[in-house]
Amino acid sequence: MSYLTVEKKANIFKEFGGSEKNTGSIEAQIALLTERITSISAHLKNNKKDFSTNRGLMKMVGQRKRLLSYLSKTNLSGYRALIEKLGIRK
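Residues numbered from 1 in each chain as written. Predicted model: local features only at pLDDT ≥ 70, side-chain atom pairs only at ≥ 80, totals over all residues. Heavy atoms only, no water.

As annotated in an unreviewed UniProt entry, the protein carries the name Small ribosomal subunit protein uS15 and comes from Chitinophaga costaii. A UniProt comment under Sequence similarities (unreviewed entry) is attached to the protein, and it reads "Belongs to the universal ribosomal protein uS15 family." Quoted verbatim from the Subunit (unreviewed entry) field of UniProt, the annotation for the protein is "Part of the 30S ribosomal subunit. Forms a bridge to the 50S subunit in the 70S ribosome, contacting the 23S rRNA." (UniProt positions renumbered as here; feature names shortened; annotations may be inferred.)

See the structure below:
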């Protein structure tokens, strides 16, 4: 399981949040959750019976869904650009 290093997090915050210090922006939080979700999904493909990690994954997916819902209500164009950039929805 590859964890997010400090450099990876800073790069995500810089790319999606505008700067490395802007960790609270909705776009940066969604991008970080997406990165963690893809990492944990790869882990679960090899470890099918890891139920506690599966529960954590479901919690992260729910959190990302709530953040995406908020973003779509407040900034629809930003929402569309973000899902296009992350490749979340089809």
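Q: For this particular structure, what's the right way to read helix H3 (residues 51-74)?
A: Structural remark: α-helix, 3.6 residues per turn; residues separated by three or four positions point the same way. Taking 1.5 Å of rise per residue, 24 residues should cover 34 Å, and H3 covers 35 Å from first to last C-alpha, within 8% of that figure. Tucked inside the fold, the buried residues of H3 contact helix H2 (26-46) and helix H4 (76-86). (Helix = DSSP H or I, 4+ residues; strand = E, 2+ residues; numbered from the N terminus. Expected span 1.5 Å × (residues − 1). Contact = heavy atoms within 4.5 Å.)

Q: Just to check I follow, could you spell out the environment of Glu27 for this structure?
A: Here Glu27 lies in helix H2. Expressed as a C-alpha distance, the spacing of Glu27 and Ile12, which sit 15 residues apart in the sequence, is 9.7 Å.

Q: Looking at this model, I keep getting lost on the pattern of salt bridges. Mind explaining?
A: Where charged atoms from two side chains of opposite charge approach closely, those side chains can pair. Taken as a whole and assessed by the stated rule, the structure comprises one salt bridge. With a closest N to O distance of 4.0 Å, Glu15 and Lys85 form a salt bridge. Of this pair, Glu15 sits in helix H1 (residues 6-17) while Lys85 sits in helix H4, and the two are 70 residues apart along the sequence. For Glu15, a relative accessible area of 43% translates into the label partly exposed. (Salt bridge = Lys/Arg side-chain N within 4 Å of Asp/Glu carboxyl O. Buried < 20%, exposed > 50% of the residue type's maximum accessible area, 1.4 Å probe, protein only.)

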